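Analysis of the macromolecular model
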Amino acid sequence: MVSRSYSNLLELASGEAPSPSFSRMSRRIPRIMTVAGIMSDIDDDGSDSVSSDPSSSSSHKDRIIIVANQLPIKVHKKTDNSKGWTFSWDYNSLYLQLKDCLGDEDTEFIYVGCLKEDIHPNDQDEVSQILLETFKCVPTFLPPDLYSRYYHGFCKQQLWPLFHYMLPLSADLGGRFNRSLWQAYVSVNKIFADRIMEVINPEDDFVWVHDYHLMVLPTFLRKRFNRVKLGFFLHSPFPSSEIYKTLPIREEILQGLLNSDLIGFHTFDYARHFLSCCSRMLGISYESKRGYIGLDYYGRTVSIKILPVGIHMGQLQSVLSLPETEAKVAELVKQFAGQGRTLLLGVDDMDIFKGISLKLLAMEQLLLQHPEKKGKVVLVQIALPARGKGKDVKEVQDEMYATVKRINETFGEPGYDPVILIDQPPKFYERVAYYVAAECCLVTAVRDGMNLIPYEYVISRQGNERLNKILGPEASTPKKSMLVVSEFIGCSPSLSGAIRVNPWNIDVVAEAMESAIEMPEPEKQLRHEKHYKYVSTHDVSYWGKSFLQDLERTCKDHVRRRCWGIGFGLSFRVVALDPNFRKLAMEHIVSAYKRTTTRAILLDYDGTLMPQNSIDKKPSSKTLDILNSLCRDKNNVVFIVSSRPRSKLDAWFSSCDKLGIAAEHGYFMRMKRDEEWETSISAVECNWKQIAEPVMQLYTETTDGSMIELKETSMGWCYEDADPDFGSCQAKELLSHLESVLANEPVTVKSDSNCVEVKPQGVSKGLVAKRLLSSMQERGMLPDFVLCIGDDRSDEDMFEVISSSTTGPSIAPNAEVFACTVGRKPSKAKYYLDDTAEIVRLMKGLASVSELMIPIL
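Since the structure is predicted, the reported quantities are computational estimates derived from the model, not experimental observations.

Cut-off values and rules
Residues numbered from 1 in each chain as written. Predicted model: local features only at pLDDT ≥ 70, side-chain atom pairs only at ≥ 80, totals over all residues. Heavy atoms only, no water. Helix = DSSP H or I, 4+ residues; strand = E, 2+ residues; numbered from the N terminus. Buried < 20%, exposed > 50% of the residue type's maximum accessible area, 1.4 Å probe, protein only. Contact = heavy atoms within 4.5 Å. Polar contact = N/O pair within 3.5 Å; in protein donor to acceptor, adjacent residues only side chain to side chain. Pairing = 2+ DSSP bridges. Axes fitted to C-alpha atoms, helices over the stretch in contact; angles between N-to-C directions. Core = buried A, V, L, I, M, F, W, Y, C linked by side-chain atoms within 4.5 Å. Expected span 1.5 Å × (residues − 1). Salt bridge = Lys/Arg side-chain N within 4 Å of Asp/Glu carboxyl O.

Topic: the overall build of the protein
Along the protein, the regular secondary structure elements total 28 helices and 34 strands. Judged by the C-alpha coordinates and their principal axes, the protein covers about 110 × 75 × 50 Å. Within the protein, the fraction of its 857 residues that count as buried is 56%. Counting contacts in the protein only where the partners sit at least 6 residues apart, residues at least 24 apart contribute 72% of the total.

Topic: the side chain of Arg670
Tracing the chain through its elements places Arg670 in strand S26 (residues 668–670). Here the side chain of Arg670 touches Asp650 through a polar contact of 3.0 Å, side chain to side chain. With near-sequence residues (within four places) excluded, Arg670 lies in contact with Phe639, Asp650, Gly660, Ile661, Glu675, Glu676 and Trp677.

So, the sheet that holds strand S12 (residues 292–297)
Here we have nine strands laid out as an open sheet, ordered S7-S6-S3-S8-S9-S10-S13-S12-S11, and mixed in their pairing. With partners counted over all chains shown, the strands left at the sheet margins are strand S7 (137–139) and strand S11 (286–289), one partner each. Between one strand axis and the next, the sheet turns through 25 degrees on average, direction left out of account. The sheet contact formed by strand S10 (residues 262–265) and strand S13 (residues 300–306) spans four bridges and is parallel. Following the sheet pairing, Ile263 is matched in S13 by Ile304.

A closer look at the nonpolar core
Within soluble globular proteins, side chains that are nonpolar tend to cluster in buried spots. Ranked by size, the top nonpolar core spans 182 residues in total, and within it Val67, Ile73, Leu115, Met215, Phe238 and Phe274 carry the most contacts. Apart from the residues lying within four places of it in its own chain, the contact partners of Ile73 are Phe87, Ser88, Trp89, Asp90, Leu115, Lys116, Leu131, Phe135 and Cys137.

Some points on unusual backbone geometry
The phi torsion at Tyr298 lies on the positive side, around 55 degrees, for a residue other than glycine. Inspection of the secondary structure puts Tyr298 in the loop between S12 and S13. Unlike most non-glycine residues, Asn814 shows phi in positive territory, near 60 degrees. Overall, Asn814 belongs to the exposed group, its relative accessible area being 78%.

A few points about helix H25 (residues 724–741)
The terminal C-alpha atoms of H25 lie 25 Å apart, and with 18 residues this matches the ideal 26 Å at 1.5 Å per residue to within 8%. Those residues of H25 that are buried lie in contact with helix H24 (689–702), strand S29 (715–718), strand S30 (747–752) and strand S31 (755–760). The backbone nitrogen of Asp725 lies 3.1 Å from a side-chain oxygen of the residue at the head of H25, namely Asp723.

Notes on the sheet that holds strand S19 (residues 499–501)
In space, the six strands of this open sheet follow the order S16-S15-S14-S17-S18-S19, with parallel pairing throughout. The outermost strands of the open sheet, each flanked by one partner alone, are strand S16 (419–422) and S19. With direction set aside, neighbouring strand axes in the sheet form an average angle of 20 degrees. Summarising the sheet, strand S15 (residues 377–384) and S16 pair through four bridges and their orientation is parallel. When the sheet's bridge partners are listed, Val380 is paired in S16 with Ile420. In this fold helix H14 (residues 391–411) packs onto S15 and S16, with an angle of close to 150 degrees to the strand it touches most, S16.

Structural notes on the pairing of strand S9 (residues 229–233)
Of all the five residues making up S9, five are buried; the element is thus mostly covered by neighbouring parts of the structure. Taking every second residue as pointing to the same face, both faces of S9 are buried, with Lys229, Gly231 and Phe233 on one and Leu230 and Phe232 on the other. Relative to S9, strand S8 (residues 206–210) runs parallel, the two sharing five bridges. Following the sheet pairing, His210 is matched in S9 by Phe233.

Re the pattern of salt bridges
Two side chains bearing opposite charge may form a pair once their charged atoms approach each other closely. Overall, the coordinates contain 44 salt bridges when judged by the stated rule. Between Asp448 and Lys354 there is a salt bridge; the shortest N-O distance is 3.7 Å. Taken together, the positions of Asp448 in the loop between strand S17 (440–443) and helix H16 (453–462) and Lys354 in the loop between strand S14 (342–349) and helix H13 (356–369) put the pair 94 residues apart, joining distant regions of the chain. Since its relative accessible area comes to 9%, Asp448 is described here as buried. Here Lys354 falls in the buried class, since its relative accessible area comes to 7%. Lys480 is the salt-bridge partner of Glu521, the closest N and O atoms lying 2.4 Å from each other. Taken together, the positions of Glu521 in helix H19 (residues 521–537) and Lys480 in the loop between helix H17 (465–471) and strand S18 (482–486) put the pair 41 residues apart, joining distant regions of the chain. For Glu521, a relative accessible area of 34% corresponds to the partly exposed category. Accessibility expressed as a relative area gives 17% for Lys480, which makes it buried.

Put into structure tokens, the structure is as follows:
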């Protein structure tokens, strides 16, 4: 059982005070248990604990907790004189449609979110009870001022414009970062987490969080339960890194999203921008395996899902069959087709990114360029209410009204207005009737997430038998529909038969409108058939099932991973490791060090003893003192194993007379300073350099920040200081190029951390470890203590040799073997240390033990 006291300990550890609203609300709302029909109030001491006992869920249903800014509930005050509220489902809500499409007898949906009306605190107990018992909804009550700062402030004035590529370049434009609004956003996300805590069974339930309003919520949930099964879907665009990095709290939001198990986006572009931000700002790269994209985030795999949302086919088809819809279609047919006029349709929210004015200007341009269309083409623009508020909405309205007035005055005539503006939201069946009657639908937003208007239009144009009779004889022939869509909306990539346009180019949009009208009927039919096939099969049910299947796949290895949380506040994250992969404890290795008498110590240099980002790569006097102390202990054989050239290593470690050095990945070796350098393999010709160097030089000239590192027997192309995305791209190309031109040469080409390197075949750091152990065996020194530390792929060869030698003759039986990597990452090593600072502290500790033991010996 995970109790409230446990949650408070987490909050205390993170340096956060408990939310004052949590204690107040948690005393009110009844708790949903996983056993059907059992509910308890959480006034009891242990009653607000969250069950993780498998026995409590032996007969439970699968549960999905849908979390969004707003519940799929309509709220109305009672019309009679009695006090109170009435509630009903909002059937237009995507989240309710998910339940309708996915819900079955074995699946239960719980909703967590805000109501669209402000409920007085005195009524909140009763409302919570009604919503929970009747609708399985958990309302999140927020004070009006907090909600305004969170939603209308941070969400709509800062996040929403930025995610739609609008920068706050001046104070007049609004959207400048406001710390108090950000704090309100964080507070609300934490309140949402508290509400989820009241109903979640963390061992079994799946939590699906929706949209940009709740992007740091995953951090709070992951903090409470390290293994929570958590998905997040972003319904808005995700901007390019150049735009996103202007956000002052950019890392906090990225880290919040990465505390999910699965992150969903509508298009590859949005996912690509997110992955680029993770790479550039957090240094996290992604991999694609068997068709799945994933990021390794402290041992956890965070999967990326790319799939646009769909529409509810059943709901739309039922609306098409309504008598009201049929009557409205008949009215529209008479109004437009009956008078020989072609109906073009636009349906948009009245906000600055929907491009309504640009669409109107394109209509004006169409009438200017094609005077014969006058009286024959009508654009009906349905302007739905804006979701935000502010002067930008007012400006859009004023411009829209002025443009409509000008067009109608210029091109209108008695009985004909080229543009009909509907600024009062029509009922859904009326909107569907316009879809049915329209020859072409125009969606010309300058930036939009997933706009479902084109999908609704395509399904509506498919119609049914009763609508065919209303539409006339032509309707019984193969269906047809035409779409003109902006390149900048989320559904554009999936509608390959649409005429895609740049909405900023008025002439092109006007030409597209004319093309949509005049296109031959067979082509219209083919385009419609292609769209209908896609939209009807990729509906909301397909989207939801696909997302939840991927979430289940991503979370299936939760139980076999060791997890613990690190970091404070919004920097919290969970480290998940294989049970056999653990941190190297100082007391453990020191104890083994003291007990043993023949020790082999192999140390990588760059990234192990020296931080990768250090400008001065020369070892410090402190490092040299530590190495000398270890070398003075006659029981130790200490080796530096590096990819650097021997001349540099010789100069750097000249004061360490008993230190063994392996240079250029082990091609050159020597046991002590005064000994001659040996080669690990027979001498090789380096004629291949004449082929490789010009190729590397070409990539160096075209990749700013890259350089060539020449060594005696190898050479590398380093791009540590280049743009991370471009450098990585160029490295892949260079790797392929070098493998091609050097195919017949006795070399291997490998890509490592920020470097593509060419070296002789057979040379590896593993060969150094093997030769060192063999050398010690020949001298009768079977090591009973082996320590090997490295940080990159080249060091994995050493780990493999060390680990496999435990059963061989080169290491003493029952020897203490420590293969240790730097950082928590997949590795052949069984231990890890976090960074170079911890490694230096470890080596200093071992050196101190040797200093104490030397006088005794």
